[in-house]
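A structural walkthrough
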Amino acid sequence: PRLLSQFFFADERVTRVVAEINGLDAELDPQQYLVLLNQLHLSQAHLLAVLERIMEECIPMQRHSRDYLVKFPEELLVENLGNHMLFAAECLLAGTFLEVEEADGAQLRPQARNLLCSLELVRTVLREQSLSQPGSYPQPVRAVLIQFDRLFAEFELSYVSSLVVVKSPEEIYRQQEIIVLFCETVERALRLGYLTQEMIDGYEPLLMFTIPRLAIISGLLIYPEGPLSLEQSPEQMSRVFSPFYNLLKKIRDLLQVLSAEELCLLERSLCTAE
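To start, this report covers the structure provided alongside it. A quick note: this is a predicted structure, and the numbers were derived from the prediction, not measured. (Residues numbered from 1 in each chain as written. Predicted model: local features only at pLDDT ≥ 70, side-chain atom pairs only at ≥ 80, totals over all residues. Heavy atoms only, no water.)

For the rest of this paragraph, the subject is the overall build of the chain. Broken down by element type, the chain carries ten helices and zero strands. Ordered by position from N to C terminus, the α and β elements of the chain give α-α-α-α-α-α-α-α-α-α. Considered along the principal axes of its C-alpha atoms, the chain spans approximately 75 × 45 × 40 Å. A total of about 16,100 Å² of accessible surface is found on the chain, and carbon and sulfur atoms cover 57% of it. The positive charge centre, built from 23 side chains, and the negative charge centre, built from 39, are 3 Å apart in the chain. (Helix = DSSP H or I, 4+ residues; strand = E, 2+ residues; numbered from the N terminus. Areas by Shrake-Rupley, 256 points an atom, 1.4 Å probe, with all protein chains shown as cover. Lys, Arg positive; Asp, Glu negative; His and termini not counted. Charge placed at Lys NZ, Arg CZ, Asp CG, Glu CD.)

Below, the structure written as structure tokens:
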């Protein structure tokens, strides 16, 4: 049950698979080569998962900040992102630029080298510790873990930043404003009887359409100084709404001529129409 013991066997598996790959002629047996590559991917993912648990147990207060993850596009925030970063570092060190431009790859190679060297040091230190005192983490072990955690985070941010345009602090703030708008919209809809708590608790599928529709009305009329404010330029708005700037102006102009009763009727209809 000890994490260091789990790490030892996970590390043994990675070492064994690597040895099999190195002893195989990929051109003579391409099918077996692909099988071994998949095994390597899975074994490395397991190794990183155990290492993550060790760091949470050993250096929970010294972990490098991962606040930068909020800047990443949601489609990149997958469970195996860490393993993908490790694979990317190995490719860069081998001179293979699968996802990044060659110039970016050349700049990332020193970071990739430092990361992989740090990982090898971590593997060596943890293997020795697992064989001597598998229940403790002395200061030298904690030091190499802290260094690896920092190098991994720095490489992850640099590599992803070379792939996509990460969100700026301003864009993150705008998205937080949208979250607040949606929350206030739901609270108002509950208060006015447009929605029920049972619908929310039961994850009523219709809410996927209802809440955004009501949020547009709230953002244009009820909270006109919020994220849907049309007093700002399209460039100042969140990228979620900026492409629809002109359409939003037309919707606002139409909404402003409605009476209170007509607005209420419209909002109720938006809660039932599909």
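A word on helix H2 (residues 30–58). An α-helical turn contains 3.6 residues, so any two residues separated by three or four positions project in the same direction. Between its terminal C-alpha atoms H2 stretches 41 Å, which fits the 42 Å expected from 29 residues at 1.5 Å a residue. Turning to H2, its buried residues are Leu36, Leu40, Ser43, Gln44, Leu47, Leu48, Val50, Leu51, Ile54, Met55 and Cys58. For H2, the elements touching its buried residues are helix H1 (3–22), helix H3 (81–93), helix H4 (102–132) and helix H5 (139–163). (Expected span 1.5 Å × (residues − 1). Buried < 20%, exposed > 50% of the residue type's maximum accessible area, 1.4 Å probe, protein only. Contact = heavy atoms within 4.5 Å.)

Let us look at the layout of surface pockets. In this structure, the largest pocket occupies an estimated 530 Å³ of space. Along the wall of the largest pocket there are 23 residues; nearest its centre are Glu52, Glu79, Leu81, Gly82 and Phe152. Looking at the lining of the largest pocket, the elements with two or more residues in it are H2, H3 and H5. For the lining of the largest pocket, the leading source of residues is H2, giving seven residues. A class-by-class count of the residues in the lining of the largest pocket yields twelve nonpolar, four polar and seven charged. (1 Å grid on protein atoms, 1.4 Å probe; cavity = no way out; pocket = protein on both sides within 12 Å on 5 of 7 lines; lining within 4 Å. Points joined across faces, edges and corners; volume = space filled by probe spheres on them. Nonpolar A, V, L, I, M, F, W, Y, C, P; charged D, E, K, R; others polar.)

Once that is clear, we can look at the environment of tyrosine 223. Note that tyrosine 223 resides in the loop between helix H8 (207–222) and helix H9 (245–255). On the basis of relative accessibility, which here comes to 28%, the residue tyrosine 223 falls in the partly exposed class. For the pair tyrosine 223 and arginine 113, spaced 110 residues apart in sequence, the C-alpha to C-alpha distance is 51 Å. Those residues in contact with tyrosine 223 that lie beyond four places of it in its chain are Leu181, Glu184 and Ser218.

The tally for this structure, following the rule as stated, stands at eleven salt bridges. When the shortest N-O distance is used, the salt bridge between aspartate 11 and arginine 123 registers 2.3 Å. Here aspartate 11 is found in helix H1, whereas its partner arginine 123 is found in helix H4, with 112 residues between them in sequence. Neither residue differs from the other here; aspartate 11 and arginine 123 are each classed as buried. Judged by relative accessible area, which is 14%, arginine 123 ranks as buried. (Salt bridge = Lys/Arg side-chain N within 4 Å of Asp/Glu carboxyl O.)

This next bit is on the packing of aromatic side chains. This model, assessed by the stated rule, comprises four aromatic pairs. Centroid distance phenylalanine 8 to phenylalanine 9: 5.4 Å. Interplanar angle 85 degrees. Geometry classified as edge-to-face. Classification of phenylalanine 9 by relative accessible area gives exposed; the value is 60%. (Phe/Tyr/Trp six-rings, centres within 6.5 Å; stacked < 30°, edge-to-face > 60°.)

Formed by 45 residues in total, the largest nonpolar core has its most connected members in Leu51, Ile54, Leu126, Leu145, Phe148, Phe155 and Tyr159. Counting only elements with at least two residues in this core, the list comes to H1, H2, H3, H4 and H5. Looking at this core element by element, the count peaks at ten residues for H5. The residues contacting phenylalanine 155, other than those within four sequence positions of it, are Met85, Ala88, Ala89, Leu92, Leu108, Gln111, Ala112 and Leu115. (Core = buried A, V, L, I, M, F, W, Y, C linked by side-chain atoms within 4.5 Å.)

This next bit is on unusual backbone geometry. For residues other than glycine, phi is negative in most cases, and the peptide bonds are mostly trans. Its identity as a non-glycine residue notwithstanding, tyrosine 203 has a phi of 55 degrees, on the positive side. Structurally, tyrosine 203 is set in the loop between helix H7 (197–201) and H8.

Take H5 next. Taking 1.5 Å of rise per residue, the 25 residues of H5 would be expected to cover 36 Å, and the 36 Å separating its terminal C-alpha atoms lies within 8% of that figure. Within the span of H5, buried status applies to Val141, Val144, Leu145, Phe148, Asp149, Leu151, Phe152, Ala153, Phe155, Glu156, Tyr159 and Val160. Looking at the packing, one finds that the buried side of H5 touches H2, H3 and H4.

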